[in-house]
There are 2 protein chains.
Amino acid sequence: MSIVAVGSVAFDSIATPSGRVENVLGGSATFFALAASYFTDVRVVAVVGDDFTAANENVLKKRGVDTRGIERAQGKTFRWGGQYTDNLNEAKTDFTELNVFEKFQPRIPAAYMDSKFLFLGNIHPNLQAAVRLEMDGVRMTGGDTMNYWIQRTRQELIETLKLVNVLLINDKETRTLAGDNSLPRAARKVLALGPQALVVKQGEYGATIFFREGAFGIGSHPFTAPALPIEEVKDPTGAGDSFAGGFMGYIASQEELNREVLKRALFYGGVMGSFAVEQFGTERLQSLTRAEIDARFQVFRELTHLE
Amino acid sequence: MSIVAVGSVAFDSIATPSGRVENVLGGSATFFALAASYFTDVRVVAVVGDDFTAANENVLKKRGVDTRGIERAQGKTFRWGGQYTDNLNEAKTDFTELNVFEKFQPRIPAAYMDSKFLFLGNIHPNLQAAVRLEMDGVRMTGGDTMNYWIQRTRQELIETLKLVNVLLINDKETRTLAGDNSLPRAARKVLALGPQALVVKQGEYGATIFFREGAFGIGSHPFTAPALPIEEVKDPTGAGDSFAGGFMGYIASQEELNREVLKRALFYGGVMGSFAVEQFGTERLQSLTRAEIDARFQVFRELTHLE
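Small disclaimer: the values here were computed from a predicted structure and weren't measured.

A. Focus on the nonpolar core. Ranked by size, the top nonpolar core spans 187 residues in total, and within it A:Phe247 and B:Phe247 carry the most contacts. In this view, A:Phe247 contacts A:Leu168, A:Val199, A:Ala265, A:Leu266, A:Tyr268 and A:Gly269; residues no more than four positions away in its chain are not counted.

Following this line, the structure appears as structure tokens:
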């Protein structure tokens with residue numbers, strides 16, 4: 001079933017130990033949509049400027065992504081510049097030009113309203129909440145956020161979390177949101193705010209999903225997916241959004257939503273994140289096949305599977 | 001089959017967010033021996049001072065550990081003091097008093113010479129090499145080291161690594177030893193120095209084992225064991241040595257040494273490390289049962305097992 005993804009479309013300028021690129025297509029909605037497109041139909045809600053070309057849009061269209069919800073505003077598209085040095089887990093931001101993204105007011109096309117899955121990318125929690133309330137027929141909502149919102153719009157974020165079924169954030173964000181350094185304790189505190197499940201993305205160490213007791217009719221034991229040891233991480237940008245795309249995309253492609261589906265979804269998230277970092281920007285996510293994805297899924301499975 | 005463990009016996013003074021203890025029994029050989037004792041017979045080679053009491057020795061004896069190789073020297077036992085703040089992955093050392101450990105010359109009792117497994121705890125690489133050469137009938141040698149030796153006795157360490165089958169170090173040590181920030185690339189460089197397998201301990205993120213191509217008659221795909229999310233890590237001291245004890249102890253208890261045994265050993269390592277951190281010092285490792293250990297092994301398995 002189709003997913004609506006709300007978030008940013010951006011042009012990124014990135015330097016890593018493997019090289020540098022300028023003004024390549026990026027943004028949370030872009031990475032998410034490309035990753036999820038290998039599993040299900042994806043519909044994007046975002047805003048771009050005059051500088052967003054037909055070639056840019058075709059990157060999404062070629063993957064069958066519905067771009068009718070990409071609004072064109074006067075001005076420039078959101079631009080971000082950053083670099084990664086030896087620690088590929090953390091970016092140092094060189095510049096952030098919000099441009100048309102600053103006044104982004106997500107508008108859901110009527111044709112999107114029958115989607116049963118919704119992904120709220122990392123935007124102001126009030127905008128996330130407004131979209132979720134408008135799409136009141138969805139079966140499952142995934143959400144992302146970042147330390148910026150956790151620290152500056154805490155109350156608004158807490159309201160939004162009541163509307164989110166699965167929150168996907170990293171371990172640092174989990175600890176900041178809960179105000180607790182113990183990850184399992186922090187996870188429990190976050191789950192008490194609303195979500196039935198919390199996916200903690202741990203970069204090169206994989207990801208762990210924590211469940212609220214009784215959520216999805218299952219127990220509260222956590223589950224962990226490993227990360228693939230990758231020889232050369234060329235560009236970590238978008239790994240988290242690609243993870244979310246693989247995770248939500250796989251879930252939306254399944255009939256049922258049970259613990260086994262969520263476990264496999266966590267592995268597929270890792271698979272898509274691992275592809276994303278192999279090339280700069282969205283390059284690797286543009287040209288995959290489902291066979292490559294499933295072969296890597298098996299590698300992930302073997303990586304941690306006891307007979 | 002029995003394991004000989006060479007390393008330190010110490011009295012530790014530790015402060016963590018959960019509390020503090022003074023002069024509790026510790027040291028690499030102690031944690032290793034206690035953890036391994038649940039799987040196989042363990043024989044310790046170490047040195048202690050006049051202050052090492054019969055009660056201290058009984059902690060090991062009660063677990064059936066052979067203490068005939070613990071030499072008593074004039075002076076005080078090795079003492080270490082350290083604290084962990086919010087980041088429980090890293091200790092800040094308050095003091096190190098080597099005392100009798102400074103002149104430690106491992107002497108292997110004749111009665112130990114028929115052991116087929118050897119663990120070389122974190123001591124000067126020349127001492128490690130001498131022990132290994134003396135015990136020339138062993139089937140498998142595991143070894144540990146630390147950044148101190150990697151930086152100050154690099155050449156000696158490289159000679160020792162030629163005699164070690166499985167090296168167990170953490171991710172930071174792996175990167176320093178190889179001079180490479182990419183973990184899989186660093187692992188390959190370390191394996192080129194001699195060991196057939198490298199176990200990279202990743203603290204709260206679990207552990208990954210890398211194999212030299214064709215080692216143990218198996219392929220070179222790595223394997224990852226997760227870590228159990230633990231609500232309250234009371235004291236991380238000794239977690240790495242307890243991991244090594246579970247890992248080597250399980251291997252020594254098995255008839256064959258194949259990929260499946262090594263994979264399960266990695267899980268048992270994680271299990272013993274997870275118990276160690278639940279109480280201060282060696283407390284938790286003194287009173288376990290094999291049933292508790294196997295129950296937690298199942299929890300680890302479920303944590304990452306896809307149907």
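Anyway, onward from the coordinates.
B. Seen up close, the relation of the copies chain A and chain B. Mapping chain A onto chain B leaves a residual RMSD of 0.0 Å; the transformation is a rotation of 180 degrees accompanied by 0.0 Å of translation along its axis. Such values leave the two copies arranged in the relation of a two-fold axis. By residue overlap, the copies meet face to face through one surface: 100% of the interface positions of chain A are interface positions in chain B.

C. Up close: the pairing of strand E10 (residues 166-170) of chain B. Residues and elements named next belong to chain B. In terms of residue burial, E10 counts as a mostly covered element, since five of its five residues are buried. Of the two faces of E10, the one holding Val166, Leu168 and Asn170 and the one holding Leu167 and Ile169 are both buried throughout. Across two bridges, the pairing between strand E9 (residues 140-143) and E10 is parallel. Within E10, the position partnered with Gly142 by the bridge is Val166. Bridging between E10 and strand E11 (residues 197-201) involves five bridges; their strand directions are parallel. Paired with Asn170 across the two strands is Lys201, which belongs to E11.

D. Structural view of the sheet that holds strand E13 (residues 223-225) of chain B. All names here are of chain B. Spatially, nine strands are ordered E5-E4-E1-E8-E9-E10-E11-E12-E13 in an open sheet, and the strand pairing comes out mixed. Looking at the sheet topology across the chains shown, the edges are occupied by strand E5 (66-72) and E13. The average undirected angle you get between the axes of adjacent strands in this sheet is 15 degrees. Judged from the four bridges that link them, strand E1 (residues 3-6) and strand E8 (residues 117-120) form a sheet pairing that is parallel. Paired with Val6 across the strands is Leu120, a residue of E8.

E. Spotlight on the confidence of the model for chain A. Across chain A, the average pLDDT comes to 95, with 99% of residues at 70 or higher. Confidence metrics for the complex model read pTM 0.93 and ipTM 0.89.

F. Fine view of the environment of A:Arg68. All names here are of chain A. With respect to the helices and strands, Arg68 occurs in strand E5 (residues 66-72). It is 21 Å that separates the C-alpha atoms of Arg68 and Ala129, two residues lying 61 residues apart in sequence. Among all residues touching Arg68, those that are not within four sequence positions of it are Pro109 and Ala111.

G. Inspection of helix H1 (residues 28-36) of chain B at higher detail. Where burial is concerned, most of H1(B) is hidden: nine out of the nine residues are buried. Every buried residue of H1(B) is accounted for by B:Ser28, B:Ala29, B:Thr30, B:Phe31, B:Phe32, B:Ala33, B:Leu34, B:Ala35 and B:Ala36.

Reading guide: rules and limits
Residues numbered from 1 in each chain as written. Chains lettered and ligands numbered in written order. Predicted model: local features only at pLDDT ≥ 70, side-chain atom pairs only at ≥ 80, totals over all residues. Core = buried A, V, L, I, M, F, W, Y, C linked by C-beta atoms within 7 Å. Buried ≥ 20, exposed ≤ 12 C-beta atoms within 10 Å, placed from the backbone. Contact = placed C-beta atoms within 7 Å. Least-squares fit on C-alpha atoms with pLDDT ≥ 70 in both. Helix = DSSP H or I, 4+ residues; strand = E, 2+ residues; numbered from the N terminus. Pairing = 2+ DSSP bridges. Axes fitted to C-alpha atoms, helices over the stretch in contact; angles between N-to-C directions. pLDDT = per-residue confidence, 0-100.

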